[in-house]
Amino acid sequence: MSGIPDKVAERAAALREEIDQHNYRYHALSEPKISDREYDELFRELTELEAAHPELVVPQSPTQRVGSAPVAGFAPAEHEAPMLSLDNGFSDEEIGDFDRRVRERLDEAGPISYAAEPKLDGVAIALQYVDGELVRAATRGDGRIGENVTHSARTIDSVPLCLQGSDYPQRFEVRGEVFMPHDGFEAFNERARAAGEKVFANPRNAAAGSLRQLNPEVAATRPLDIFIYGLARPADVEGLSGHLESLKRLREWGFKINPLARLASGAEGCLAYYREIGELRDELSYDIDGVVYKVDRFAWQRELGQVSRAPRWAIAHKYPAQEQVTTVEAVEWQVGRTGALTPVARLKPVLVGGVMVSNATLHNIDELSRKDVRAGDTVYVRRAGDVIPEVVRVALDRRPPKRTRIPRLPSTCPACGSDVERIEGEAVARCTGGLDCPAQRKEALRHFVSRLAMDIEGLGTKLIDQLVEAKLVETPADIYRLSGEQLLGLERMGEKSVKNLLQSIEKSKQTTLPRLLYALGIREVGEATAASLSEQFGSLEAVQRADEAALQAAPDIGPIVAGHIRAFLRQPRNLSVISRLKEYGVNWPSSEPLTEPAKGKLAGSTFVLTGTLSGMTRNEAKSRIQSMGGKVSSSISGKTSYVVVGDSPGSKAEKARKLGVTELSEDELVEMLGGT
Ligand code: IVH
């Protein structure tokens, strides 16, 4: 390559390979060898090298997942081998019949060896590889012609852009399911709700909508994942005799394969697998709607062939739906830890996916009015994994003819009578009572003692209610002052349970900084953010000293969360809780902060980017600014130092002008970044 020192080109190539390796270990093998931080470090080095020498950038570089500009629409993608669907079975008998048909057609006495796998409830996708590089991703469409979604599929970290090893066919295609894991789905909807944007009814719709995003930069922000479940044409790979063996090969080449796939012997083995996965279903981090059994031996698959659009060698065994119909008895308001008022539908109890459900969240007033849920309505209720059950929609045609009342946001808190306020433009209404409100106090305590926080066993919901009502506990610190006599005076507390509780309270005093930070209940500081704060700053004192800009140096922390942290740690009431916790002997060892605050040339400056840049993508600009110690924020405020204005800028440019923020052209930015 002209002009680039050999050493630099070699280093970039080595970094690409190393990052691909770590990606593979992380996604396909679930055996990461380095920490996220070390990974980020390698990634940053490559980003910087590529930024300094743009000629080094190749499309299959791990930095180029957001490779293209938004696409105008979806080009049709013709499938070389049709994408089939599966027949469904719902009962043990139907699976028995399926197995019998298979044995009769093959003229085998059995038992047949089946490959059994979870059936992901997501979106089917076909990925084509040529010379080990991803060249096309397509949705199923009508099975013959789908849509070309390469631009968004590339942004999924677990989709390899480049394969591992070298013994893959020159050209082949794999099929799999793209899905959105529960935690990502919840977080995504939460953000959308807060921003007043569209929320998705379930993870499947969210996956489909995200994959069909025209803008890869937006798609890249969606938490999608994939499991590959087979080859489009097994004959493309030489020497394979069965399905499970093919999955093993695919994993070696870098694809993410469901670790629950395995062989099952005969109908009996399949049914045992069905029950086993059924037990696991609620703990999985993604939605499944059944399991799939496939005759494992490829020669037999060929012999069995297909009828119309489904193979004779496979069947989906479905689980009971996680969506059910019931009626709403009332719509009530529940007050949460931060005072947020959440409308809750009290339901006629109904079994959903095997669990009795009698309450479902309606999230907030906007959702409540959008879904238009009223007492007496017939509704579809959904639950998935750990996700709180929710009302998906109302069966309007079944609304009782008599007049029904539209539930309204109360003007005073149902728990304490304080005023309810709703900030303009925010979806959430809050009780203004703070810790004077018994409902908020109880929720704050429940959170404080929960398993991932201080983990105080034996301090359950009912006991907390009693402690708050008897005014024995007001703030979390009061827990550490409880005496045996006080506890013995409470309902259902005998000598033994009091002793156990005091012991677990005592045990919780030896805790860790991340647990404490999480337990405090700072708005939007979940476990991951608490861990990241702790890693970055090492001690509570250092977190307290950090200003909003410094807080944002920790991964995951943006201006809003930083604002919540600062506000929390400035409140005298919270400071007193912290100092009393220390006084009562709660302790959390400090550690060395991982990094010194960035001291690059741009340290202390905050940039906002708006409009399209011509010489680099926004992500490139962002990482170059960050690599020199600068910050990049998504919104203009008094703290913004520069706004970089590209082509067709948005409203941010106007706002910047109003606030008198210095404007930079792309050329001026490039100059600041040291050229090229
Ligand atoms: S095999 C010819 N395996 O279910 C075999 N499908 O109704 C075709 N699906 O569109 C599919 N998990 O998107 C297979 N482990 C799995 C699957 C799976 C989910 C989806 C797939 C397909 C639909 C079939």
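Data block above holds the structure.
The residue count restarts for each chain, going from 1 along the sequence in the order it is written. Selection of residues for local features in this predicted model requires a pLDDT of at least 70, selection of side-chain atom pairs for listing and counting requires 80 or more, and totals for whole chains, interfaces and linings are taken over all residues. Based on all heavy atoms of the structure, the side-chain values leave hydrogens and waters out of the count.

Caption draft 1: How the structure looks around the packing of aromatic side chains. Each pair of aromatic rings taken from Phe, Tyr and Trp, with Trp reduced to its six-membered ring, is defined by centres within 6.5 Å and is described as stacked if the planes are under 30 degrees apart, edge-to-face if over 60, and tilted in the remaining cases. Taken as a whole, this structure holds 14 aromatic pairs when the rule is applied. Judged by centre distance (5.3 Å) and plane angle (20°), the rings of Phe179 and Phe227 are stacked. Of this pair, Phe179 sits in strand 7 (residues 171-179) while Phe227 sits in strand 8 (residues 225-231); the two residues are 48 residues apart in sequence, bridging distant segments of the chain. Type-normalised accessible area, obtained with a 1.4 Å probe on protein chains alone, sets the label of each residue: buried when under 20%, exposed when over 50%, and partly exposed for intermediate values. Taking relative accessible area as the criterion, Phe179 reaches 3% and is therefore assigned buried. For the pair Phe227 and Tyr286, a centre-to-centre distance of 5.5 Å together with 70° between the ring planes defines the contact as edge-to-face. Within this pair, whereas Phe227 is found in strand 8, its partner Tyr286 is found in the loop between helix 9 (266-280) and strand 10 (288-295), the two being separated by 59 residues in sequence. Members of the aromatic cluster, joined through ring pairs, are Tyr129, Tyr168, Phe172, Trp253 and Phe255. The aromatic ring of Trp300 is capped on one face by Arg297, whose charged end is 3.9 Å from the ring centroid. The ring of Tyr380 carries the charged tip of Arg393 above its face, separated from the ring centre by 4.0 Å. Here a helix means four or more residues in a row that DSSP labels H or I, a strand means two or more in a row labelled E, and each is numbered from the N terminus. Counting as a charge over the ring demands two things of the Lys NZ or Arg CZ atom: a distance within 6 Å of the ring centre and an angle within 35 degrees of the ring normal.

Caption draft 2: Inspection of helix 5 (residues 182-194) at higher detail. With 13 residues, helix 5 should reach 18 Å at 1.5 Å per residue; the first-to-last C-alpha distance of 18 Å fits that figure. Residues of helix 5 that are buried: His182, Gly184, Phe185, Phe188, Asn189, Ala192 and Arg193. Burial along helix 5 is one-sided: seen end-on, the buried residues are contained in an arc of 160°. For helix 5, the exposed residues set more than 90 degrees away from the buried face come down to Asp183, Arg191 and Ala194. Contacts between residues were defined by any pair of non-hydrogen atoms, one from each residue, lying within 4.5 Å. Taken together, the buried residues of helix 5 touch helix 6 (203-211), helix 11 (365-371) and strand 18 (390-394). One or two positions beyond helix 5, positive phi appears at Gly196, with a value near 70°. Every helix has an expected span of 1.5 Å times one less than the residues it contains. Think of the arc as the fan of directions from the helix axis to the C-beta atoms.

Caption draft 3: The pairing of strand 10, seen in detail. Most of strand 10 is tucked away: eight of the eight residues are buried. Bridging between strand 3 (residues 113-120) and strand 10 involves seven bridges; their strand directions are antiparallel. Within strand 10, the position partnered with Pro118 by the bridge is Val291. Whether two strands pair comes down to DSSP finding at least two bridges between them. Two elements, strand 10 and strand 13 (residues 314-318), share five bridges in a ladder whose sense is antiparallel. Following the sheet pairing, Val292 is matched in strand 13 by Ala316.

Caption draft 4: Molecular detail of the sheet that holds strand 4 (residues 123-130). One open sheet holds the four strands; their spatial order is 5-4-7-8, and the pairing between them is antiparallel. Strand pairing shows two members of the sheet lacking a second neighbour, strand 5 (133-139) and strand 8, which therefore form its edges. Averaged over neighbouring strand pairs, the angle between their axes works out to 30° when direction is ignored. One ladder, built from eight bridges, connects strand 4 with strand 7; its direction is antiparallel. Each bridged residue has a counterpart across the sheet, and for Val123 the counterpart in strand 7 is Val178. Between N-to-C directions, angles cover 0 to 180 degrees, with each direction set by a line fitted to C-alpha atoms, over the stretch in contact for helices. Helix 8 (residues 243-252) rests against strand 7 and strand 8 of the sheet, and its axis sits at about 130° to strand 8.

Caption draft 5: Quick look at the site of the ligand. In the vicinity of the ligand, 15 residues are found, and the nearest of them are Glu117, Ala124, Glu177, Tyr229 and Lys294. Elements with a contribution of two residues or more to the shell around the ligand: strand 3 and strand 10. Considering each element in turn, the shell around the ligand owes the most residues, four residues, to strand 3. Note on terminology: near, applied to a residue and a molecule or strand, indicates that one of the residue's heavy atoms is within 4 Å of it.

Caption draft 6: Structural detail: the pattern of salt bridges. For this document, the term salt bridge refers to a Lys or Arg side-chain nitrogen within 4 Å of an Asp or Glu carboxyl oxygen. Counted under the stated rule, the structure contains 39 salt bridges. In this structure, the salt-bridge partner of Arg374 is Asp372, at a minimum N-O distance of 2.9 Å. Judged by its relative accessible area of 15%, Arg374 falls in the buried class. Using a relative accessible area of 22% as the deciding quantity, one classes Asp372 as partly exposed.

Caption draft 7: Region of the structure containing the environment of His363. Structurally, His363 is set in the loop between strand 16 (355-361) and helix 11. A residue is classified by how much of its surface remains accessible, and His363, at 19% relative accessible area, is buried. For the pair His363 and Thr640, spaced 277 residues apart in sequence, the C-alpha separation works out to 33 Å. Once you skip the residues sitting within four places of it in the chain, His363 turns out to touch Arg193, Thr342, Pro343 and Glu390. One polar contact links His363 to Arg193, side chain to side chain, over a distance of 3.2 Å. N or O atoms closer than or at 3.5 Å make up a polar contact, with two conditions inside protein: a donor-capable atom paired with an acceptor-capable one, and, for residues adjacent in sequence, both atoms drawn from side chains.

Caption draft 8: Structural detail: the packing of helix 12 (residues 438-449) against helix 13 (residues 461-469). At a minimum axis separation of 10 Å, helix 12 and helix 13 run at an interaxial angle of 135°. Regarding the angle of helix 12 to helix 13, the classification is oblique. Once helix 12 is placed against helix 13, the crossing between them reads as right-handed. Together, Pro438, Arg441, Lys442, Leu445, Arg446 and Val449 of helix 12 and Thr461, Ile464, Asp465, Val468 and Glu469 of helix 13 make up the contact between the two elements. Put simply, angles under 35 degrees are roughly parallel, angles over 145 are roughly antiparallel, angles from 65 to 115 are roughly perpendicular, and the rest are oblique. By convention, the crossing between two helices is left-handed when the near helix turns anticlockwise from the far helix through less than a right angle, and right-handed when the turn is clockwise.

Caption draft 9: Fine view of the sheet that holds strand 10. The five strands lie next to each other as 2-13-10-3-9, forming an open sheet whose pairing is mixed. With one partner strand each, in any of the chains shown, strand 2 (88-89) and strand 9 (262-265) form the two edges of the open sheet. When strand 3 meets strand 9, the two strands line up antiparallel, connected through four bridges. Bridge pairing in strand 9 links Ala116 to Arg262. Seen against the sheet, helix 3 (residues 92-106) touches strand 2, strand 3, strand 10 and strand 13 and runs at an angle of roughly 175° to strand 13. Across the sheet, helix 8 is in contact with strand 3, strand 9 and strand 10; its angle to strand 3 comes to roughly 55°.

Caption draft 10: The arrangement of the side chain of Arg136 in detail. Along the chain, Arg136 falls in strand 5. Asp and Glu are treated as the negative residues and Lys and Arg as the positive ones, with His and the ends of the chain left uncounted. We note that Arg136 is buried and unpaired, the nearest opposite charge coming from Glu173 at a distance of 4.3 Å. There is a polar contact of 3.1 Å between the side chain of Arg136 and the backbone oxygen of Glu78.

Caption draft 11: Spatial organisation of the environment of Arg65. Among the secondary structure elements, Arg65 is positioned in the loop between helix 2 (36-52) and strand 1 (76-78). Sequence separation between Arg65 and Ala153 is 88 residues; the distance between their C-alpha atoms is 8.8 Å. A polar side-chain atom of Arg65 sits 3.0 Å from the main-chain carbonyl oxygen of Val159.

Caption draft 12: Molecular detail of helix 22 (residues 618-627). Among all positions in helix 22, only Ala621, Arg624 and Ile625 are buried. Looking straight down helix 22, one finds that the buried residues subtend no more than 100° of arc, so they occupy a single side. Along its buried surface, helix 22 packs onto helix 2, strand 21 (606-610), strand 22 (631-633) and helix 24 (666-672). Two to three positions downstream of the cap, the backbone nitrogen of Glu620 sits 3.1 Å from a side-chain oxygen, assigning the N-cap of helix 22 to Thr617. Positive phi appears at Gly629, one or two residues downstream of helix 22, with a value of about 90°.

Caption draft 13: Geometry of the nonpolar core. If you look at the biggest cluster of nonpolar residues, it comprises 52 residues, and the most contacted ones within it are Ile479, Tyr480 and Ile565. Put simply, the parts of the chain that give this core at least two residues each are helix 12, helix 13, helix 15 (495-508), helix 16 (513-519), helix 17 (527-537), helix 18 (540-545), helix 20 (559-570) and helix 21 (572-583). Setting aside anything within four residues of it in sequence, one finds Tyr480 in contact with Phe448, Met454, Ile456, Ile505, Ser508, Lys509, Leu581, Tyr584 and Val586. Listed in part, the 37 residues of the second largest apolar core include Leu134, Leu224, Ile226 and Trp253. Nonpolar core, defined: a set of buried Ala, Val, Leu, Ile, Met, Phe, Trp, Tyr and Cys residues in which side-chain atoms within 4.5 Å join the residues together.

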